[in-house]
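Read off the chains here:
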Amino acid sequence: TPPRPGGVLFVGSSSIRLWDLERAFPGCGFVNRGFGGSTLADSIRWFDRVIRPHAPALIVVYAGDNDIANGLTPAETAADFARLVALTHRHVPDARIVYLTIKPSVARWSMIDRQREANRRIEGLCAADERLRYLDVGACLLSDEGRPDPSFFVEDGLHLSDRGYALWNERVREVIRELD
């Protein structure tokens, strides 16, 4: 998809890559630049290819899940998010960024405490900058018992099912409407 300045860009890991944006947001022309296994550091490393050419008005980011799974601490994960924000605002100063929280999942439930701590740290960063928005997309994936509901995930217990994406679509659609 050729870059269209001023649009909406989705970046991050496979949860972004697998998101059918045209089906979720028909006719909106949102651009998907997610790639499997990516981390916040990868979004920084590939910034000039993945983000900068689009000069987006709004960036929806889902990353941090693989960072924690790869052994980064919550503090390191939040620091990488801060670096991505700084880089973005240096080159696309008016861009708004919506950070989708690291989701709890069946496959990575053992990491939930570190994921929640990373989310708390990133939430603090978002609260300090009006161009940032923190969006909890994890709580909706939990059962009444407070654990990931398997029906919102495909067989691997990590990636979202159509039902899981339907929940994310609702939340992201609301935020985009508010920010538009």
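On a predicted model such as this, the values are computed, not experimentally measured, just so you know.

Q: Can you walk me through the overall build of the protein chain in this structure?
A: Scanning the protein chain from N- to C-terminus turns up 8 helices and 5 strands. Ordering the α and β elements of the protein chain from the N terminus gives β-α-α-β-α-α-β-α-α-β-α-β-α. In terms of principal-axis extent, the alpha carbons of the protein chain reach across some 45 × 35 × 25 Å. By residue count, 51% of the 180 residues in the protein chain fall in the buried class. Taking the intrachain contacts of the protein chain between residues at least 6 apart in sequence as the baseline, contacts between residues at least 24 apart amount to 69%. Carbon and sulfur atoms make up 49% of the accessible area of the protein chain, which amounts to about 8,500 Å² in all. Separation of charge centres in the protein chain, based on 23 positive and 25 negative side chains, amounts to 4 Å.

Q: Honestly, the side chain of Asn66 in this entry has me stumped. Any pointers?
A: Position of Asn66 among the secondary structure elements: in helix H5 (residues 65-69). By relative accessible area, Asn66 is classed as buried at 11%. A polar side-chain atom of Asn66 sits 3.1 Å from a polar atom in the side chain of Arg108. Sequence-distant contacts of Asn66, defined by excluding residues within four places in its chain, comprise Ser13, Gly37, Ser38, Thr39 and Arg108.

Q: Would you mind showing me how to read empty space enclosed by the protein here?
A: Using a probe with the size of a water molecule, rolled over the atoms, empty space left in the structure can be pinpointed. Under the counting rule described, the total for this entry stands at 1 cavity of 30 Å³ or more. Estimates place the volume of the largest cavity at around 50 Å³. Along the walls of the largest cavity sit Arg4, Gly7, Val8, Leu9, Gly29, Val31, His54 and Pro56, which together make up its complete lining. Residues that form the lining of the largest cavity fall into these classes: 4 nonpolar, 3 polar and 1 charged.

Q: Whenever I open this one, the pattern of salt bridges confuses me. Can you help?
A: Think of it this way: side chains of opposite charge can pair up when their charged atoms draw near. This model, assessed by the stated rule, comprises 10 salt bridges. The closest approach of N and O atoms between Asp80 and Arg83, which form a salt bridge, is 2.3 Å. Placement of both Asp80 and Arg83 in helix H6 (residues 74-91) is noted, with a separation of 3 residues, approximately one turn of the helix. For Glu178, the salt bridge is made with Arg133, and the minimal N-O distance between the two is 2.8 Å. Here the residue Glu178 occupies a position in helix H8 (residues 162-179), and Arg133 occupies one in strand S5 (residues 132-135), the gap between them amounting to 45 residues. Assessed through its relative accessible area of 25%, Arg133 is described here as partly exposed. The network of salt bridges with common partners includes Asp65, Lys103 and Arg108.

Q: Sorry if this is basic, but what is going on with the layout of surface pockets here?
A: The space that makes up the largest pocket amounts to roughly 200 Å³. What lines the largest pocket is simply Arg4, Gly6, Gly7, Val8, Phe30, Ala57, Leu58, Arg96, Ile176, Leu179 and Asp180. Of the residues that constitute the lining of the largest pocket, the class distribution is 6 nonpolar, 2 polar and 3 charged.

Q: What exactly am I supposed to notice about the packing of aromatic side chains here?
A: Scanning the entire structure with this criterion turns up 10 aromatic pairs. A connected cluster of aromatic rings, assembled from ring pairs, spans Phe10, Trp19, Phe25, Phe30, Tyr62, Tyr165 and Trp168.

Q: Mind showing me how you'd approach the packing of H6 against helix H7 (residues 112-127) here?
A: The description of two packed helices rests on the angle between their axes and on the distance between the axes. Where H6 contacts H7, the axes come no closer than 8 Å and their chain directions differ by 35°. In the packing of H6 onto H7, the handedness of the crossing is right-handed. Contact with H6, carried on its side by Pro74, Ala75, Thr77, Ala78, Phe81 and Ala82, involves Arg114, Glu117, Ala118, Arg121, Ile122, Leu125 and Cys126 of H7 and no other residues of that element. Here the residues of the contact of H6 with H7 sort into 9 nonpolar, 1 polar and 3 charged.

What counts, and where the lines are drawn
- Residues numbered from 1 in each chain as written.
- Predicted model: local features only at pLDDT ≥ 70, side-chain atom pairs only at ≥ 80, totals over all residues.
- Heavy atoms only, no water.
- Helix = DSSP H or I, 4+ residues; strand = E, 2+ residues; numbered from the N terminus.
- Buried < 20%, exposed > 50% of the residue type's maximum accessible area, 1.4 Å probe, protein only.
- Contact = heavy atoms within 4.5 Å.
- Areas by Shrake-Rupley, 256 points an atom, 1.4 Å probe, with all protein chains shown as cover.
- Lys, Arg positive; Asp, Glu negative; His and termini not counted.
- Charge placed at Lys NZ, Arg CZ, Asp CG, Glu CD.
- Polar contact = N/O pair within 3.5 Å; in protein donor to acceptor, adjacent residues only side chain to side chain.
- 1 Å grid on protein atoms, 1.4 Å probe; cavity = no way out; pocket = protein on both sides within 12 Å on 5 of 7 lines; lining within 4 Å.
- Points joined across faces, edges and corners; volume = space filled by probe spheres on them.
- Nonpolar A, V, L, I, M, F, W, Y, C, P; charged D, E, K, R; others polar.
- Salt bridge = Lys/Arg side-chain N within 4 Å of Asp/Glu carboxyl O.
- Phe/Tyr/Trp six-rings, centres within 6.5 Å; stacked < 30°, edge-to-face > 60°.
- Axes fitted to C-alpha atoms, helices over the stretch in contact; angles between N-to-C directions.
- Left-handed = near helix turned anticlockwise from the far one by under 90°.

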